[in-house]
Every structure is written in C-alpha cells, then in structure tokens.
Amino acid sequence: MRFSFDFFSVLFVSFYFISVALAQVQQVGKFNSVARQIYFGKRADSGSTGSKFKVQVPFHDSKKLLEIDEQQQKSVNSIHSAPLNFAKAIDMKIDSSIDGLWEENSSSGIKIWSIFIESKTALGIALIFENFLIINEGELYVMNDSGILGAFTKANNKPDGKFAIHPLEGSSVFLIYIEPLTKTKPLNYLKIGKVVHAYRNIFQSKAISGACNIDSRCINGFVNYKNWLVLKKAYHFFSTLYR
C-alpha cells in the first residue's frame, strides 16, 4: 500500500448560524435508527475485530505535526501569504468490495457494509472518496461518539464519481452502508482514496482564522463597523487540499 501526504488548509471562516455539517446534502434516512443500533453494537468490538473490519491509518503524532507546521509558518517571509494548515491527507486504498464487513439481515430485508477507521492522535477525521456510487435506496452513515453524518444517498452521486465528507471530531469513525436486500452481489460502490488526519483543533467554537484576515475589531474593520454588525456574528469554514 502506497502512502503520500497532502495538506489541508483553512482559507476562510464563514457559515452563517449553521453548522459545517449542513454544507453537504444529507437526507433523513429511513435506516437512521438501524445504523445507530449497528454502531452501538459494533463499537464495543472495534478493538478486537478482525483486520477486514478495522483499518488502522499509519501513525502520525498530531503534536509533532502541529509543531512542524508552526515552524514552517514562521519560516515563511510573510505569514499573510501562508495558508493555515490543519490536517494531512493520507493515501489509503479502502474498497468496499474488499475491505470491511458485508452482512445480510434477511429478517429486516437489508444488506449492510461496515468498516472502522482509526488514526491515532487525530483530533478529527475526514474522508475523500475516489469512487462514490450509491444506488437505489442505499444509505451511507459516518459516525462516532461525537456525532453522525448522513444519510448520504444517491443524491450525493457526482458525474466524476468523487465525493468528500468533512471532518468529524475524534480519532476514529465508523462507516455503515445499508441497502435493501436483493439477489445482486455487492459492487464496487465505495472506494476511499484518502483519510484526512486533522492535527489542529478546528472544532472549537472560536474561529481559527489566519492572521491575514481583517477582523471586525481591527482598525480597518472598525472604520466601517456598521457593515460588520451582522457579518461579525457569522462564521464560515472553507478548506482546500493542496500538495
């Protein structure tokens, strides 16, 4: 398995009175309660479950990554030109046709794929799919003790087959995919190309905007303070991946 690393950067801070989760289309799935039951049932076994169900991301020390990042920031001629990094993206070829665990529940009439992904010391985990295809009534959920994302459905399918799920706080996540039970065999619906290991805390309530941004209390912002009365109560989080 080949590993490489990319950087994620915070460019802006802006979402108006809504959480980051609402930036992605999520449905009220009919399998929501089932997914939660599966999660709580498998969570206790995550430490001892076989390798097909559990994927361990190569170890990265978040504290050291943060120290290196801050040193690099200082070495830049002007910090105003340096993006604020918060994570590293690690190549991890995870294929739903090979990895994870497929199960059938004939009594409930559903087929389930589940996998546990852990990146020790990570403050948050995001996922980048190089192939994302959900068919018919299938639903994908990403969850841990800090929250649940989904249902992601066929409404999230893109022409290029790519998809990304924003960071969920914590060092591990469960993926649970549920679809109606049919006679067809599982296809290569989902392939995760990168697991994003967040080493900077982006989940704090206080914004972590870079030094180059004009604050509403800075002199440049105060001069036109009336224009900032509403905007200063909002925040937005926008990230980008670069090599």
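One structure accompanies this document, and this report is about it.

A few points about the pattern of salt bridges
In step 1: In the structure shown here, the tally under the stated rule is eight salt bridges.
In step 2: Among the ionic pairs, Arg200 bridges to Asp69, the shortest N-O distance being 2.7 Å. Placement of the pair is Arg200 in the loop between β11 (190-198) and α3 (219-223) and Asp69 in helix α2 (residues 62-75), with a sequence separation of 131 residues. Across this residue pair, the class does not change: Arg200 and Asp69 are buried.
In step 3: Here Asp91 and Lys194 are joined by a salt bridge, their closest N and O atoms 2.6 Å apart. With a gap of 103 residues between them, Asp91 in strand β3 (residues 84-95) and Lys194 in strand β11 connect regions that are remote in the sequence.
In step 4: Since its relative accessible area comes to 4%, Asp91 is described here as buried.

Comments concerning unusual backbone geometry
In step 1: With an omega of 15 degrees, the peptide bond running from Gly150 to Ala151 counts as cis.
In step 2: Within the fold, Ala151 resides in strand β8 (residues 147-152).
In step 3: Positive phi, normally seen in glycine, also occurs at Thr121, with a value near 75 degrees.
In step 4: With phi around 45 degrees, Asn136 is a residue other than glycine that occupies positive phi space.
In step 5: Inspection of the secondary structure assignment puts Asn136 in the loop between β6 (124-132) and β7 (139-144).

About the cut-offs
- Residues numbered from 1 in each chain as written.
- Predicted model: local features only at pLDDT ≥ 70, side-chain atom pairs only at ≥ 80, totals over all residues.
- Heavy atoms only, no water.
- Salt bridge = Lys/Arg side-chain N within 4 Å of Asp/Glu carboxyl O.
- Helix = DSSP H or I, 4+ residues; strand = E, 2+ residues; numbered from the N terminus.
- Buried < 20%, exposed > 50% of the residue type's maximum accessible area, 1.4 Å probe, protein only.

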